[in-house]
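So you can see what is in the structure, the chains are spelled out below.
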Amino acid sequence: DEYQKITQITTLAGRIQANMLMMRMSAYQFLRNKDDKSISDFKERFNATVQFTTDSKNNISDPRINADINQILQLIKEYNQAFESVVVLMRDIQNERIPALSKYGEEMRRELDSITDTAFTDNSLTSSYQGANALSSMLTGRVFVLKFIE
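Keep in mind the model is a prediction, meaning the values are calculated, not measured.

Engineer: Pulling in residues and values, what's your account of the pattern of salt bridges?
Structural biologist: In this structure the tally under the stated criterion is six salt bridges. For Glu 44, the salt bridge is made with Arg 45, and the minimal N-O distance between the two is 3.6 Å. Between Arg 109 and Glu 106 there is a salt bridge, with the nearest N and O atoms lying 2.5 Å from each other. Here Arg 109 and its partner Glu 106 are both found in helix α3 (residues 63–121), three residues apart, which amounts to about one turn of the helix. Here Glu 106 falls in the partly exposed class, since its relative accessible area comes to 27%. By sharing partners, the salt bridges in this structure join Glu 106, Arg 109, Arg 110 and Asp 113 into a single network.

Right, dumping it as structure tokens:
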């Protein structure tokens, strides 16, 4: 009876670890690829983990172990909520922020080009230099922001 209890607990721990690893891998893949397959893989592993953890809890009568299982379930659910928040944030970045950066960045570039051209036409070396510096800084900033988002 004691041996069976130990094997149940060990099997449960192994299954939780394996599924958590797969959940983490899916989350990582989502961050890299931003694809729906990673989200569905994550959800599949999450649902499977919750299901067999709940089933195991119902089959284990030790109150201490059940308390630990309840804590594990709670942490798994928090991990899922955090992942869902990341998905929402990444979708917002992809659908709202990047297009806005592209639109306003292009407008800023045109305005700075205009300032630099006007300064050159007016033979204002200082203004031309400052306009070119501002343009360079803005373009560099856009590259860094997009690299950070990617």
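Engineer: Explain helix α4 (residues 125–149) to me, and be specific about the residues and the numbers.
Structural biologist: Taking 1.5 Å as the rise per residue, α4 with 25 residues should run 36 Å; its terminal C-alpha atoms sit 36 Å apart, in good agreement. Among the residues making up α4, those that are buried are Ser 128, Gly 131, Leu 135, Met 138 and Ile 149. Looking at the buried positions of α4, the neighbouring elements they touch are α3.

What counts, and at which threshold
- Residues numbered from 1 in each chain as written.
- Predicted model: local features only at pLDDT ≥ 70, side-chain atom pairs only at ≥ 80, totals over all residues.
- Heavy atoms only, no water.
- Salt bridge = Lys/Arg side-chain N within 4 Å of Asp/Glu carboxyl O.
- Helix = DSSP H or I, 4+ residues; strand = E, 2+ residues; numbered from the N terminus.
- Buried < 20%, exposed > 50% of the residue type's maximum accessible area, 1.4 Å probe, protein only.
- Expected span 1.5 Å × (residues − 1).
- Contact = heavy atoms within 4.5 Å.

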